[in-house]
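Architecture at a glance
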Amino acid sequence: MTALARKAQVVDTPSESAATSAFAADVVAGLTATPKRLPPKYFYDSVGSELFERITGLSEYYLTRCELEILNAHAREIADLVPSGAALIEFGSGSSTKTRVLLSTAKSLAAYVPVDISAEFLRRQAGSLRQEYPTVAMLPVAADFSKPFSLPESVERLPRAGFFPGSTIGNFEPHEAAAFLRHAARILGRGATFIVGVDLVKDPQVLQKAYNDSEGVTARFNLNLLARINRELGAKFHLDAFEHHAFFNRERSRIEMHLASLKRQRVKVCGECIDFRAGETIHTENSYKYSLESFGALARGAGWTTAAVWTDADKYFSVHALRLQDGPADGRAEKA
Ligand code: SAH
Ligand code: AVI
């Protein structure tokens, strides 16, 4: 085991009370806005992360299957884009299932830095990864990847490569996705490679089914947001008084997920009375679907050059290898 691999676990967690106050503030702001909305990052407590894992195994949820097909087919080419002795930084690592393809192929990786907001789930995944890959330093960072966060000191001097699979980039508004790509450029630094998974526009029926699975797992994932508000903020949402809605908004090229109130009702949340009309919804997530060209243009606008793009046989999903030619705007690989 290398000295780096023995380094203590790094976790950038804010105090629990600060995290709870930020959650409460975002929930109250979202539920008092018109129309009502909640940020999708709050899906992911331990229950939500487990439910997402179940979603990835559903036959209707083609995204994971197609991306794994691409990663397995092009593992060698992708691994060759990662410099020897590099730190691989993953944004929104979840169970790191896809990363295992890279960890097993890019043999010379010095460190893996999974960044995820779901702190407890992240801690457990890092424990398993340490046992499976004892020569790679596993340095988890529990943080919101869209905000500034610190990388572990031990990777500051290493070359870096980024990994952002799952089409999690599609959960941003396009202008936020561009801002995130610029933020990632600052974290990864000059000459970096960034491997990004992006879901593609396709037959709306295929899209519709992926977010309305027959077992109702996606509905439980969506409703877990209200369950989490009950658990952590002491609200009293009746989960059976809300229904999961997901549909393709063709004009905006996105799947929208909502929670629809089945009746007129009032729910007290953090001391605020929130009134719902029958049928009124809380907008909980957007999942943008791109074309190869539209994503390429977005990445270019954020300072990245496309080095390679791969798709699965059905052209349902794409993996983009982006390169940062000139480094971030100020030319330095700065600390995030
Ligand atoms: N990369 C995995 C998981 C994708 S699910 C895959 O491709 O299957 C999205 C992941 O991003 C979840 O693990 C979730 O906890 C994490 N996530 C979502 N929003 C986040 C944020 N703002 N900051 C950090 N992690 C986030
Ligand atoms: C993580 N993210 C890309 C998933 C998606 O498809 O937008 C989250 C998800 N929402 C419903 N099912 C899965």
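This text follows the structure it describes.
Heads up: these notes are all about the structure in this document. (Residues numbered from 1 in each chain as written. Chains lettered and ligands numbered in written order. Predicted model: local features only at pLDDT ≥ 70, side-chain atom pairs only at ≥ 80, totals over all residues. Heavy atoms only, no water.)

1. Details of the pairing of strand β8 (residues 242-249)
- Note that β8 and strand β9 (residues 254-261) share eight bridges and pair antiparallel. Opposite F248, over in β9, you have I255 as the bridge partner.
- With antiparallel pairing between neighbouring strands as the criterion, β8 and β9 make up a hairpin whose turn holds four residues, including S253 at a positive phi of roughly 55°. (Pairing = 2+ DSSP bridges. Helix = DSSP H or I, 4+ residues; strand = E, 2+ residues; numbered from the N terminus.)

2. Brief notes about the pattern of salt bridges
- As enumerated under the stated definition, the model contains 18 salt bridges in all.
- Put simply, K289 and D199 hold a salt bridge, and the shortest N to O gap is 2.8 Å. Here the residue K289 occupies a position in the loop between β12 (281-288) and α11 (292-301), and D199 occupies one in strand β7 (residues 193-199), the gap between them amounting to 90 residues. The same class applies to K289 as to D199, namely buried.
- Within the structure, one salt-bridge network assembled from shared partners comprises E50, E120, R123 and R124. (Salt bridge = Lys/Arg side-chain N within 4 Å of Asp/Glu carboxyl O. Buried < 20%, exposed > 50% of the residue type's maximum accessible area, 1.4 Å probe, protein only.)

3. A word on the environment of R130
- Position of R130 relative to the elements: it lies in helix α7 (residues 119-132).
- Using a relative accessible area of 28% as the deciding quantity, one classes R130 as partly exposed.

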